[in-house]
Amino acid sequence: MKVTLCAGLLGCLLSAVAVPAAHADAALDALVAAYPDFIAGYDAKDLVLKSGKHIPLSNGIADKTPEQRIEHADILDMFAMPYTLGADYKQPATPADDPGRARNQALFDAMYGDCTKGQVKLKTIQWLPALNGGSLRVAAANGVAEQLEVVSRDLQALPSKFHVYLKPSAGTYNCRPIAGTSRMSMHAYAAAIDINVKFTDYWRWGGAKKETDKVSYKNRIPMEIVEVFEKHGFIWGGKWYHYDTMHFEYRPEIIALAKKS
Ligand SMILES: [Zn+2]
């Protein structure tokens, strides 16, 4: 049994995870600020939702492997790996380099609803209206639809050489788990968008099957596109070791924390 010396409940809690205390406070503050409609605050051990629901900050599993952190993400696990904004990011080199890919399912279920029970509220937006990109159904909660409309406006203003990457969109809302897992995708919450599948690269397509398999990084998506999404609160799946380069998801807490560091 591992014996840890720690001061106070939060100190004990944090000693079990890979997130230092100062970083944990900044991360939790960013989380509360990112979802004001749903999160009231946090105490020494829980995230407290406005509904009264408490979600533990840590599930108490010490020394998680990267695979366990993705599979059983608690609140603090979502911030274990810092996300770097912009074009100057380090190419992910190890299976732990998945910034923002860990999501606590209890939190996202509470905010967006369970799609298998018809609980996800959707709003229809026009994708790249000046370029006839069609309509998309995205989450009404957390301002996702409004933010994606702003992204769309900025993207269609980019030089025309970028437009081919953006349409048709390969989809937003899709009530399904992530391929090969039982975890719900951000598409199940209608808080993610895939751009044109024709230019995407995906970690499983090189023959990797398990999270622990070696993959080699590939990307064809221009960084000008990534920067527009990041500016408006969306993280990019191209910054993950388990890359999914057409994928963007609304994670304003991750973007806000990245801006601070
Ligand atoms: Zn996707």
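Provided above is the structure to which this section pertains.
What counts, and where the lines are drawn
Residues numbered from 1 in each chain as written. Predicted model: local features only at pLDDT ≥ 70, side-chain atom pairs only at ≥ 80, totals over all residues. Heavy atoms only, no water. Axes fitted to C-alpha atoms, helices over the stretch in contact; angles between N-to-C directions. Helix = DSSP H or I, 4+ residues; strand = E, 2+ residues; numbered from the N terminus. Parallel < 35°, antiparallel > 145°, perpendicular 65-115°, else oblique. Left-handed = near helix turned anticlockwise from the far one by under 90°. Contact = heavy atoms within 4.5 Å. Nonpolar A, V, L, I, M, F, W, Y, C, P; charged D, E, K, R; others polar. Pairing = 2+ DSSP bridges. 1 Å grid on protein atoms, 1.4 Å probe; cavity = no way out; pocket = protein on both sides within 12 Å on 5 of 7 lines; lining within 4 Å. Points joined across faces, edges and corners; volume = space filled by probe spheres on them.

Trainee: I'd like to hear about the packing of helix α2 (residues 21-34) against helix α7 (residues 252-260), residue by residue, with values.
Mentor: Where α2 contacts α7, the two axes come as close as 8 Å, and the packing angle between them is 130 degrees. Classed by the angle they form, the pair α2 and α7 counts as oblique. The two elements α2 and α7 cross, and the hand of that crossing is right-handed. Every residue of α7 that contacts α2 at H23, A26, A27, A30, L31 and A34 is listed here: P252, E253, A256, L257 and K260. Along the lines of polarity and charge, the residues of the contact of α2 with α7 split into eight nonpolar, one polar and two charged.

Trainee: So what about the sheet that holds strand β8 (residues 247-250)? Which residues, and what values?
Mentor: Here we have three strands laid out as an open sheet, ordered β6-β8-β7, and antiparallel in their pairing. Two strands in the sheet have a free side with no partner beyond their single neighbour: β6 (192-194) and β7 (234-236). Each neighbouring strand pair of the sheet contributes to a mean axis angle of 25 degrees, computed without reference to strand direction. Two elements, β6 and β8, share three bridges in a ladder whose sense is antiparallel. Residue pairing in the sheet places I193 in a bridge with F248 of β8. Sheet contacts for helix α6 (residues 223-231): β6, β7 and β8; angle to β7, the most-contacted strand, approximately 145 degrees.

Trainee: Let's hear about the layout of surface pockets: which residues, and what values?
Mentor: Reported here for the largest pocket is a volume of approximately 350 Å³. Lining the largest pocket are 20 residues, with R176, I178, Y202, D244 and H247 positioned closest to its centre. Split by residue class, the lining of the largest pocket holds nine nonpolar, five polar and six charged.

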